[in-house]
2 protein chains.
Amino acid sequence: MREFIIVGHKAVTSGEFPLNDMPGSAGRIDILARCINSAFFTSFNIRRDTRIILVLLGEPDPPKVLRFEGSELKYLNPDERSAGSLIKKALSIDAKDDDQMSTQGIYVRRASLKDVLSAVDIEDAIYLHENGEDIRTVNLNHERMIFILGDHLGLTKEEEHLIHKTKRASLGPETLHTDHCIILIHNELDRRCLRS
Amino acid sequence: MREFIIVGHKAVTSGEFPLNDMPGSAGRIDILARCINSAFFTSFNIRRDTRIILVLLGEPDPPKVLRFEGSELKYLNPDERSAGSLIKKALSIDAKDDDQMSTQGIYVRRASLKDVLSAVDIEDAIYLHENGEDIRTVNLNHERMIFILGDHLGLTKEEEHLIHKTKRASLGPETLHTDHCIILIHNELDRRCLRS
């Protein structure tokens, strides 16, 4: 199982945003839409062994958590607008403390990053950070591989404190967009699976 | 210099397409828009050492070639719609045999894949193909690194014949979308630059 936890600090928490302006009035929902593409698509398949958890912290109704389950997903196309419209639909639901399904394989609930992390063995997770150990040498042999990533703002000091016991891994000499990081992580995992 | 040559077999060759339907009526222009994002963006910069050449073969006016120069680009944002609107603007120009600039760093001309390849030392280029040598062991030391990639349809037999002397490289065990391939190529080159 591959799991990506991503924090969208400015991402809107209402379904009212316009799909034509995801980078602006939607608080960089475009970043999260691209992360969904990176997490799930290979050329001919959806990665069924993958889950993505998006923590949305923007106005007007934070925090909300969206969960996309590769094993269940049905209505997702690779374009940014497709993922954006699924996010929009999920955010149109009145979020409760428990999961509600908005589209097949997509769930929304009222929760914070702390709530999400409480269901995770933090010491087995990996926080993607430019000062971490090179991913190519990191142990990636857990049954459940959990990766924590920031958005264009990274993670705040408070958020980093929540995962101060988490191993840090880096992906190379350049600092990259979150969706690009996911591609590199998948590729490293794909190569390890082949070897094992 | 890093150069990506990508063939869009169905990509429309008129600027009349709707930005809200790039995967459909625009003949998968969304793929090319994502390739532009992958080619140029790191977290804080545009990759100035990169060029992308898009060969568009769809109706109504093929073939056309768009060239994006990282060293000159100014008006590009990471979202798919931003790259799509720059493509649309370039395709609205009446293409001639010589380059015409549509937006700073973006050029359009009437040309085919064969024309593009005639300006390239084919034996120094790399064709991304699932049956190639692993990119991690391929020699990537040329001053001008040229990568040739297909779209969702791959390359045709005739197109492959044009590059039958070109080395093939693969990126891992999974067959990936073209834009995801570009991320992996950049990462490998970034790592090599660090080492050299």
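The structure presented is a predicted model; accordingly, all values stated were derived computationally and were not measured.

## Some remarks on the pairing of strand β1 (residues 2–8) of chain B
Residue and element names in this part refer to chain B. The buried fraction of β1 amounts to 7 of the 7 residues, a majority that puts the element mostly inside the structure. Both faces of β1 are covered, namely the face carrying Arg-2, Phe-4, Ile-6 and Gly-8 and the face carrying Glu-3, Ile-5 and Val-7. Here β1 runs beside strand β2 (residues 50–56); their pairing, made up of 7 bridges, is parallel. Along β2, the bridge assignment pairs Val-7 with Val-55. Handedness of the crossover joining β1 and β2 through helix α1 (residues 29–40): right-handed. Where β1 meets strand β7 (residues 145–149), 5 bridges bridge the pair, whose relative direction is parallel. Across the sheet, Phe-4 pairs through a bridge with Phe-147, a residue of β7.

## Overview of the pattern of salt bridges
Residues and elements named next belong to chain B. Applying the stated criterion to the full structure yields 40 salt bridges over all chains. Measuring nitrogen to oxygen at the nearest pair gives 2.9 Å for the salt bridge that ties Arg-51 to Glu-3. Taken as a pair, Arg-51 in strand β2 and Glu-3 in strand β1 lie far apart in primary sequence, 48 residues in all. Given the relative accessible area of 1%, Glu-3 is considered buried.

## A closer look at the relation of the copies chain A and chain B
Under the fitted operation, chain A is carried onto chain B by 0.0 Å of movement along the axis and a turn of 180 degrees, and the coordinates agree to an RMSD of 0.0 Å. Accordingly, the operation relating the two chain copies is best matched by a two-fold axis. Here 100% of the interface residues in chain A have copies in chain B that are interface residues too; the copies meet face to matching face.

## Section: the confidence of the model for chain A
Atom-level detail of predicted coordinates should not be read off regions where pLDDT is low. Per-residue pLDDT for chain A averages 96, and the proportion of residues at 70 or more is 99%. Two summary scores accompany this predicted model of the complex, namely pTM at 0.98 and ipTM at 0.97.

Definitions and cut-offs
Residues numbered from 1 in each chain as written. Chains lettered and ligands numbered in written order. Predicted model: local features only at pLDDT ≥ 70, side-chain atom pairs only at ≥ 80, totals over all residues. Heavy atoms only, no water. Buried < 20%, exposed > 50% of the residue type's maximum accessible area, 1.4 Å probe, protein only. Helix = DSSP H or I, 4+ residues; strand = E, 2+ residues; numbered from the N terminus. Pairing = 2+ DSSP bridges. Right-handed = clockwise from strand over helix to strand, strands pointing away. Salt bridge = Lys/Arg side-chain N within 4 Å of Asp/Glu carboxyl O. Least-squares fit on C-alpha atoms with pLDDT ≥ 70 in both. Contact = heavy atoms within 4.5 Å. pLDDT = per-residue confidence, 0-100.

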